[in-house]
Amino acid sequence: MPSDWSTWLALAVVAAMTYGTRFAGALLMARIETSPRIERFLESLSVAVIAALVASALAQAGGREALSVALAILIMAVTRSAIGAMVAGMAGAALWSYALP
Amino acid sequence: MKPVTVTIAGTTRGMRRLLPIAIFTIPFGIAFGAAAAERGLDPGFTIAMSAIVFSGAAQFATLDFWGSHIAYGSLALVTLAISARHIVLGAAVAPWVNQLPLAKRLPVLVWLSDANFADSQPAFRSGETDVGLLLGGGLVLWASWITGTAFGVIAGRAIGDVATYGLDVVMICFFAAILAGQMRVRSAIAPACVGAVTAVAALAWLPPGWTIVAGAVAGGCVSVLFHAE
């Protein structure tokens with residue numbers, strides 16, 4: 001693969017997309033007058049985006065991922081530690097892979 | 001509300017909070033570096049890509065494009081679709097980030113990604129006013145992403161499949177835990193459910209990436225439409 005100007009140009013295209021989108025949300029909101037309604041929208045948006053990420057990943061995965069996520073939620077509910085929940089989920093996934101090769 | 005700031009102390013705190021997550025994401029960097037090396041990408045270019053782009057999902061998607069004839073248009077569309085959720089994340093942190101002067105705002109947004117957003121957003125909503133939390137989390141994730149990529153480029157496939165160690169579920173478990181924590185606030189339950197259902201239903205119609213945006217916006221609309229004034 002040639003590491004010439006065309007590759008770097010393509011990299012610039014990719015970077016423009018990732019940074020354009022990173023800047024766009026906050027810059028857009030700076031131009032909109034905030035109201036309690038908009039604040040409520042943003043509040044729900046921030047919860048819904050994480051819910052959407054988890055749900056669409058689970059929908060495209062199998063029992064192993066569902067078990068891991070269930071374990072993570074359980075540990076989070078008991079210990080309130082997101083890191084502990086993550087480790088428990090990983091352990092669940094590793095055990096599943098070990099038990100059902 | 002206290003004025004929003006971005007301090008070194010807050011940034012350090014953000015780094016510490018996300019360090020465990022960042023360490024567990026190193027294998028993904030390794031996987032990316034190895035995959036890029038396998039396709040014949042120049043080692044320096046691959047590491048530069050991780051440093052410049054800092055988006056695992058977008059970078060993996062680009063792997064199909066590097067060749068003698070690069071389809072710039074498709075490359076732009078694919079990476080836009082995968083990155084579109086950044087717009088939602090940016091809008092959601094805007095009430096805090098936009099209180100900073102523009103010169104401080106943009107550097108913070110450079111390191112905006114899913115994991116540091118998921119960590120900082122609940123903190124901001126419980127009264128945290130130091131945006132350094134978001135920046136620090138982003139920096140530590142960025143450092144581990146570059147480190148992982150460099151290892152992957154050099155050591156190649158030595159580590160094997162990340163799924164063996166359960167490392168592939170790190171992010172989804174972390175996000176699920178954050179989400180579960182947020183469900184203590186009752187008004188968050190309906191938007192989360194609508195967001196989840198919409199994103200899954202949209203898998204049949206929308207290209208990957210846009211499904212997340214559709215779910216987020218649908219969930220956001222719920223509270224606006226069904227809120228008792």
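Residues numbered from 1 in each chain as written. Chains lettered and ligands numbered in written order. Predicted model: local features only at pLDDT ≥ 70, side-chain atom pairs only at ≥ 80, totals over all residues.

Digging into the overall build of chain B
Okay, step 1: Of the regular secondary structure elements, chain B holds 11 helices and 0 strands.
Okay, step 2: Starting at the N terminus and ending at the C terminus, chain B contains elements arranged as α-α-α-α-α-α-α-α-α-α-α.
Okay, step 3: Relative to the compact-globule value of 17 Å for 229 residues, chain B shows a C-alpha radius of gyration of 19 Å, a close match.
Okay, step 4: With the C-alpha coordinates of chain B rotated into their principal frame, the extents come out at 60 × 45 × 35 Å.
Okay, step 5: Taken across its 229 residues, chain B has 54% of its residues classed as buried.
Okay, step 6: At a minimum sequence separation of 6, the contacts of chain B that also span at least 24 residues come to 76%. (Helix = DSSP H or I, 4+ residues; strand = E, 2+ residues; numbered from the N terminus. Rg over C-alpha atoms; globule rule 2.2 N^0.38 Å. Buried ≥ 20, exposed ≤ 12 C-beta atoms within 10 Å, placed from the backbone. Contact = placed C-beta atoms within 7 Å.)

A closer look at the confidence of the model for chain B
Residue and element names in this part refer to chain B.
Okay, step 1: Of the residues in chain B, 95% reach a pLDDT of 70 or more, and the chain-wide mean stands at 90.
Okay, step 2: Taken element by element, chain B is modelled with least confidence in helix α3 (residues 56–62), mean pLDDT 89, and with most confidence in helix α10 (residues 189–202), mean pLDDT 96.
Okay, step 3: In the predicted assembly, ipTM is 0.89 and pTM is 0.87. (pLDDT = per-residue confidence, 0-100.)

Comments concerning the environment of Ser68(A)
Okay, step 1: Position of Ser68(A) among the secondary structure elements: in helix α3 (residues 63–79).
Okay, step 2: Owing to 30 C-beta atoms within 10 Å, Ser68(A) belongs among the buried residues under this scheme.
Okay, step 3: Sequence separation of Ser68(A) and Ala82(A) is 14 residues, and the distance between their C-alpha atoms is 13 Å.
Okay, step 4: Every residue in contact with Ser68(A), bar those within four places of it in the chain, is listed here: Gly89(A), Gly92(A), Ala93(A), Val169(B) and Cys173(B).

Remarks on helix α1 (residues 5–30) of chain A
Okay, step 1: Compared with an ideal rise of 1.5 Å per residue, which puts 26 residues at 38 Å, α1(A) spans 36 Å between its outermost C-alpha atoms and is within 8% of the ideal.
Okay, step 2: The sharpest bend along α1(A) measures roughly 35 degrees and falls at Ala24(A).
Okay, step 3: Of all the residues in α1(A), the buried ones are Ala10(A), Leu11(A), Val14(A), Met17(A), Thr18(A), Tyr19(A), Thr21(A), Arg22(A), Gly25(A), Ala26(A) and Leu27(A).
Okay, step 4: The elements touched by buried residues of α1(A) are α2 (43–53), α3, α4 (72–83), α5 (85–97) and α6 (102–110) of chain B. (Expected span 1.5 Å × (residues − 1). Bend = angle between axes of the 7 residues up to and from the residue.)

Some details on the nonpolar core
The tendency in soluble globular proteins is for nonpolar side chains to be buried side by side.
Okay, step 1: In terms of nonpolar packing, the biggest core is built from 107 residues, with Val49(A), Ala72(A), Cys173(B), Phe174(B), Phe175(B), Ala176(B) and Ala177(B) touching the most fellow members.
Okay, step 2: Those residues within four positions of Ala177(B) in sequence are excluded, and the remaining contacts are Ala72(A), Ile73(A), Met76(A), Ala82(A), Ala85(A) and Met86(A). (Core = buried A, V, L, I, M, F, W, Y, C linked by C-beta atoms within 7 Å.)

Details of the packing of α5(B) against helix α7 (residues 114–125) of chain B
All names here are of chain B.
Okay, step 1: Running from N to C, α5 and α7 cross one another at 35 degrees; their axes reach a closest spacing of 11 Å. For the element pair α5 and α7, the recorded crossing hand is left-handed. Contacts from Leu89, Ala92, Val93 and Trp96 in α5 reach Phe117, Gln121 and Phe124 in α7.
Okay, step 2: Here the residues of the contact of α5 with α7 sort into 6 nonpolar, 1 polar and no charged. (Axes fitted to C-alpha atoms, helices over the stretch in contact; angles between N-to-C directions. Left-handed = near helix turned anticlockwise from the far one by under 90°. Nonpolar A, V, L, I, M, F, W, Y, C, P; charged D, E, K, R; others polar.)

Here's the deal with unusual backbone geometry
Okay, step 1: Phi at Arg80(A) takes a positive value of approximately 60 degrees, unusual for a residue other than glycine.
Okay, step 2: Along the chain, the position of Arg80(A) falls in the loop between α3 and α4 (82–99).
Okay, step 3: Taking the C-beta count within 10 Å as the criterion, Arg80(A) has 13 such neighbours and is therefore assigned partly exposed.
Okay, step 4: The backbone of Phe54(B) shows a phi angle near 50 degrees, a positive value even though the residue is not glycine.

Examining α3(A)
Okay, step 1: End to end, α3(A) covers 24 Å across 17 residues, agreeing with the expected 24 Å (1.5 Å per residue, within 8%).
Okay, step 2: Here α3(A) has its buried residues at Glu65(A), Ser68(A), Val69(A), Leu71(A), Ala72(A), Ile73(A), Ile75(A) and Met76(A).
Okay, step 3: Residues of α3(A) that are buried in the fold lie against α2 (36–59) and α4 of chain A together with α9 (170–182) of chain B.
Okay, step 4: Arg80(A) sits one or two residues past α3(A) and shows a positive phi near 60 degrees.

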